[in-house]
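Spelled out from the first residue to the last, the chains are:
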Amino acid sequence: MSTEALAVLAVTVAVAAFVQGSSGLGFALIVAPVAGILDPGLLPVFVLAAMIPLNLYVAWRERASIDLRGAGWITAARLAATPAGLALLWLIPDRSIGLFVGIATVLAAVVSLAAPAFAPGRAAYLGAGVVTGLTETATGVGGPPLALVYQHRPPAELRSTVAACFLVGEVASLGLLFATGEGEPGDLGLAAALLPVIAVGAWLSRLVHHRLDARRMRLCVLVFALVSGLVLMLGL
């Protein structure tokens, strides 16, 4: 990767860490399309690995607000769907991964924008877990189903519960990817190298997360996701 591309990726990761640390949504939606444009080989391992320290921090920062019941159902369904997500990755030719991520990103953003308000129950938790297990393992993008479930809950509950669910799921997905040869330990090097910019974004989110207009931030993230996904789909 060129110095210019690495700089673009580093800035993108820092902004994404700030956005997700502040609003509970956005890291993969921001980073995956950009990574797919710069180097499709980064997906999904880089995105999954980069999110682990961020979600560990957010889950710990707001641990008192975690919805343990919802997180339990989501995590169980997400883990059950992880092998199917790996199978989906096997079915996608390398040259088509950018197109697939673009389609997944645009669909997720459209659903997130259009979904009406509702009170989540067991079926919603299980459905979100299954979809997240499929899409996050295959592409690194899995946040919108969880955001849909918690979009009308208090911001701290959304941030902390989504982070906790992501944390468990990302470790499981990476373990399965490495065990089946779809990922190599060396693929973690770039994520490790960008830990400082992840930390900067997370630290900045700590300063503003309790004051931010989460609804407006979510809208900006989803609009960005739509544009980035369309760029990937069109191969620009």
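Everything numeric here is computed off the predicted structure, so don't read it as measured data.

(A) Helix H8 (residues 155–179), seen in detail. In this model, H8 (25 residues) spans 36 Å end to end at C-alpha, consistent with the 36 Å of a helix rising 1.5 Å per residue. Following H8 by one or two positions, Gly 181 has its phi on the positive side, about 80 degrees.

(B) Inspection of a nonpolar patch on the surface at higher detail. A grouping of Leu 99, Ile 103, Leu 107, Leu 230, Met 233 and Leu 234 is seen on the molecular surface, where their side chains present a nonpolar patch of about 530 Å² in accessible area. Of all elements in the fold, only helix H5 (97–114) and helix H11 (214–234) reach the threshold of two or more residues within the nonpolar patch. By relative accessible area, Ile 103 is classed as partly exposed at 35%.

(C) Seen up close, the side chain of Arg 159. The residue Arg 159 is located in helix H8 in this model. Those residues in contact with Arg 159 that lie beyond four places of it in its chain are Gly 21, Ser 22, Ser 23, Gly 24, Val 58, Arg 61, Glu 62 and His 209.

(D) Inspection of the nonpolar core at higher detail. Formed by 55 residues in total, the largest nonpolar core has its most connected members in Val 13, Phe 27, Phe 46 and Val 47. A per-element tally of this core places helix H3 (residues 45–61) first, with ten residues. Among residues more than four places away in sequence, those in contact with Phe 27 are Val 13, Ala 16, Ala 17, Gln 20, Val 47, Ala 50, Met 51 and Leu 54.

(E) Expanded view of the confidence of the model for the protein. When pLDDT is averaged along the protein, the result is 83, and 90% of the positions lie at 70 or above. Mean pLDDT per element in the protein: H11 is the minimum at 69, and H3 is the maximum at 94.

(F) Representation of the environment of Gly 36 within the structure. As for its placement among the helices and strands, Gly 36 is situated in helix H2 (residues 27–38). Judged by relative accessible area, Gly 36 falls into the buried class, the value being 6%. C-alpha of Gly 36 to C-alpha of Thr 139: the two residues are 103 residues apart in sequence and 9.6 Å apart in space.

(G) The environment of Gly 129, seen in detail. Turning to its location among the elements, Gly 129 is positioned in helix H6 (residues 122–139). Separated by 56 residues in sequence, Gly 129 and Trp 73 place their C-alpha atoms 7.5 Å apart. What Gly 129 contacts, discounting residues up to four positions off in sequence, is Ile 74, Ala 77 and Arg 78.

(H) Looking closely at the pattern of salt bridges. For the coordinates displayed, the defined rule picks out two salt bridges. One salt bridge connects Glu 62 with Arg 61, and the closest N-O pair in it is separated by 3.0 Å. The two residues Glu 62 and Arg 61 agree in class, both being buried. Measuring nitrogen to oxygen at the nearest pair gives 2.7 Å for the salt bridge that ties Arg 159 to Glu 62. You can see Arg 159 sitting in helix H8 and its partner Glu 62 sitting in the loop between H3 and helix H4 (68–91), a full 97 residues away along the chain. The class of Arg 159 is buried, set by a relative accessible area of 4%. Of the residues examined, Glu 62 reaches a relative accessible area of 8% and is grouped as buried. Connected via shared salt-bridge partners are Arg 61, Glu 62 and Arg 159.

(I) Examining the packing of helix H1 (residues 3–23) against H2 more closely. Viewed as axis vectors pointing N to C, H1 and H2 meet at an angle of 170 degrees, and their least axial separation amounts to 8 Å. With respect to H2, the axis of H1 lies roughly antiparallel. Of H2, the residues touching H1 (which contributes Ala 5, Val 8, Leu 9, Thr 12, Val 13, Ala 16, Ala 17, Val 19 and Gln 20) are Phe 27, Ala 28, Ile 30, Val 31, Val 34, Ala 35 and Leu 38. Split into classes, the residues belonging to the contact of H1 with H2 amount to 14 nonpolar, two polar and no charged.

(J) Region of interest: H4. When the terminal C-alpha atoms of H4 are compared, their 34 Å separation across 24 residues agrees well with the 34 Å that a helix rising 1.5 Å per residue should span. Along H4, the sharpest change in direction is near 40 degrees and occurs at Thr 82; proline Pro 83 comes one to four residues later. Among the residues of H4, those classed as buried are Gly 70, Ala 71, Ile 74, Thr 75, Ala 77, Arg 78, Ala 81, Thr 82, Gly 85, Leu 86 and Leu 89.

(K) Structural view of the side chain of Ser 205. If you trace the backbone, Ser 205 turns up in helix H10 (residues 195–208). A relative accessible area of 0% places Ser 205 in the buried class. In this structure Ser 205 touches Ala 17, Phe 18, Gly 21, Ser 22, Tyr 57 and Arg 61, once residues within four positions along its chain are discounted.

Quick notes on the rules
Residues numbered from 1 in each chain as written. Predicted model: local features only at pLDDT ≥ 70, side-chain atom pairs only at ≥ 80, totals over all residues. Heavy atoms only, no water. Helix = DSSP H or I, 4+ residues; strand = E, 2+ residues; numbered from the N terminus. Expected span 1.5 Å × (residues − 1). Patch = residues over 30% accessible without salt bridge, like charges linked within 9 Å, V, L, I, M, F, W, Y side chains within 5 Å. Areas by Shrake-Rupley, 256 points an atom, 1.4 Å probe, with all protein chains shown as cover. Salt bridge = Lys/Arg side-chain N within 4 Å of Asp/Glu carboxyl O. Buried < 20%, exposed > 50% of the residue type's maximum accessible area, 1.4 Å probe, protein only. Contact = heavy atoms within 4.5 Å. Core = buried A, V, L, I, M, F, W, Y, C linked by side-chain atoms within 4.5 Å. pLDDT = per-residue confidence, 0-100. Axes fitted to C-alpha atoms, helices over the stretch in contact; angles between N-to-C directions. Parallel < 35°, antiparallel > 145°, perpendicular 65-115°, else oblique. Nonpolar A, V, L, I, M, F, W, Y, C, P; charged D, E, K, R; others polar. Bend = angle between axes of the 7 residues up to and from the residue.

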